[in-house]
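Summary of the model geometry
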Amino acid sequence: MTKSAIVFTQQNEGSAAGKELGEKIIEKLIDKTPNVVIVFASSVYDYTALLHSIKETCTPGILVGSSSAGEFTSDDFGTDSACAIALYSTELQFRAGIGETITTSRDKVANELLNVLSPVQEYQYQYYSAMLFADALSGFTDELIELLTEKTMGKYQFLVAARATTQIFRRPMFFMTRLPTPMLQLY
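Quick look at the structure, then. (Residues numbered from 1 in each chain as written. Predicted model: local features only at pLDDT ≥ 70, side-chain atom pairs only at ≥ 80, totals over all residues. Heavy atoms only, no water.)

1. Re the pattern of salt bridges
For the coordinates displayed, the defined rule picks out 6 salt bridges. Residue K24 is joined to E20 by a salt bridge in which the shortest nitrogen-to-oxygen separation is 2.9 Å. Highlighted residues: K24 and E20, both in helix 1 (residues 14–29), separated by 4 residues, approximately one helical turn. Using a relative accessible area of 29% as the deciding quantity, one classes K24 as partly exposed. (Salt bridge = Lys/Arg side-chain N within 4 Å of Asp/Glu carboxyl O. Helix = DSSP H or I, 4+ residues; strand = E, 2+ residues; numbered from the N terminus. Buried < 20%, exposed > 50% of the residue type's maximum accessible area, 1.4 Å probe, protein only.)

2. Looking at unusual backbone geometry
Look at T59: it is not a glycine, yet its phi comes out positive at around 40 degrees. Looking at the secondary structure, you find T59 in the loop between helix 2 (47–58) and strand 3 (62–67). Although it is not a glycine, M153 sits at a positive phi angle of roughly 55 degrees. Mapped onto the fold, M153 is located in the loop between helix 4 (141–151) and strand 8 (156–163). Residue class for M153 comes out partly exposed when judged on its relative accessible area of 46%.

3. Some points on the packing of helix 3 (residues 106–114) against helix 4
Closest axis-to-axis distance for the helix 3/helix 4 pair is 9 Å, and the angle between their directions is 50 degrees. Viewed along their axes, helix 3 and helix 4 adopt a mutual orientation that is oblique. The handedness of the crossing between helix 3 and helix 4 is right-handed. Contact residues: R106, D107, V109, A110, N111, L113 and L114 in helix 3; E143, L144, L147, L148 and K151 in helix 4. (Axes fitted to C-alpha atoms, helices over the stretch in contact; angles between N-to-C directions. Parallel < 35°, antiparallel > 145°, perpendicular 65-115°, else oblique. Left-handed = near helix turned anticlockwise from the far one by under 90°. Contact = heavy atoms within 4.5 Å.)

Laid out in structure tokens, this is it:
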């Protein structure tokens, strides 16, 4: 069984926005704790407060996401807002990892990410997918995808959530936390 929830908030204060997102997730997933929550949030937020509040409210196993210049769902859209996708599944596996210093060595980053991905040699699943959060202007995302495709023997489908650096976003913000790690990491 797999359940999903897509939620949106225009609350401007980080803690209140995170609480609202978390409560909406709980309401939509009914009695299930999300395995993963993926968040896209405007730069108006204190990310630490927003994400801490989401973690406290709906206690996801993994919390990942990035800053965003515009947030939207099927029903809502905005620029000073946040949205989240929550997934619960008894059939799917979720993992999170970080690959750093893409400008120095794409191969090193690919190997760091490969250590987190499910091993494809075991053929436990028919399909493998991975969502990568990347700085769209780094210039190395395509090469990284090629390396990962080669190292996973073409068995993974890759979705890239690219964030670009702009005058407002001097540097894209990426974040990740996973249980049992209580610490939230901002990148």
